[in-house]
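Read off the chains here:
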Amino acid sequence: MVDRIRRFQVLNSQIFATLNKYLRTSTAETDSMPVEHVRCFQPPIHQSLAAAAGPPSGGGGGGGAAAAAASSQGGGHYRAAR
């Protein structure tokens, strides 16, 4: 039992050593890294919900039932790199 615990400790230390090697960056490396631009997209709306919502009403933000249904289904933002 003690031997098994020691093996897991060694394995964990190797895993964390590898992670620390690649996750730690100095400020000089951070400054030279390119900036990644990310666009946010609204979640897709199922056709049946879009048809039930009808045309958006003018003014006031719109969206109606389709926006409410999309937000009740988890909502959130989909992100895609450019």
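Calculation criteria
Per chain, residue numbering runs from 1 following the sequence as it is written. It should be noted that, the model being predicted, local features are given only for residues of pLDDT at least 70 and side-chain atom pairs only at 80 or more, the latter also being counted only at that level, while totals for whole chains, interfaces and linings use all residues. Excluding hydrogens and water, the side-chain figures rest on all heavy atoms present in the structure. Here a helix means four or more residues in a row that DSSP labels H or I, a strand means two or more in a row labelled E, and each is numbered from the N terminus. Note on areas: Shrake-Rupley with a 1.4 Å probe; residue coverage comes only from the protein chains shown. Any Lys or Arg side-chain nitrogen located within 4 Å of an Asp or Glu carboxyl oxygen qualifies as a salt bridge. With a 1.4 Å probe rolled over the protein chains alone, any residue whose accessible area is under 20% of its type maximum counts as buried; one over 50% counts as exposed, and the rest are partly exposed. Looking at any residue, its pLDDT shows the predictor's confidence there, from 0 to 100.

**A word on the overall build of the chain**
Part 1 of the argument: Check the secondary structure of the chain and you find four helices and two strands.
Part 2 of the argument: Mapped from its N terminus to its C terminus, the chain presents α and β elements in the order α-α-β-α-α-β.
Part 3 of the argument: With an accessible surface of roughly 7,400 Å², the chain has 58% of that area assigned to carbon and sulfur atoms.

**Quick word on the pattern of salt bridges**
Part 1 of the argument: According to the stated counting rule, one finds one salt bridge in the structure shown.
Part 2 of the argument: A salt bridge links D3 to R7, with the nearest nitrogen and oxygen atoms 3.1 Å apart. Taken together, the positions of D3 and R7, both in helix 1 (residues 2–23) and four residues apart, correspond to about one turn of that helix.
Part 3 of the argument: The exposure class assigned to D3 is partly exposed, which follows from its relative accessible area of 48%.

**What about the confidence of the model for the chain?**
Part 1 of the argument: In this model, the chain carries an average pLDDT of 73, and 56% of its residues clear a pLDDT of 70 or more.
Part 2 of the argument: The secondary structure element of the chain with the lowest average pLDDT is helix 4 (residues 64–72), at 50, and the one with the highest is helix 1, at 93.

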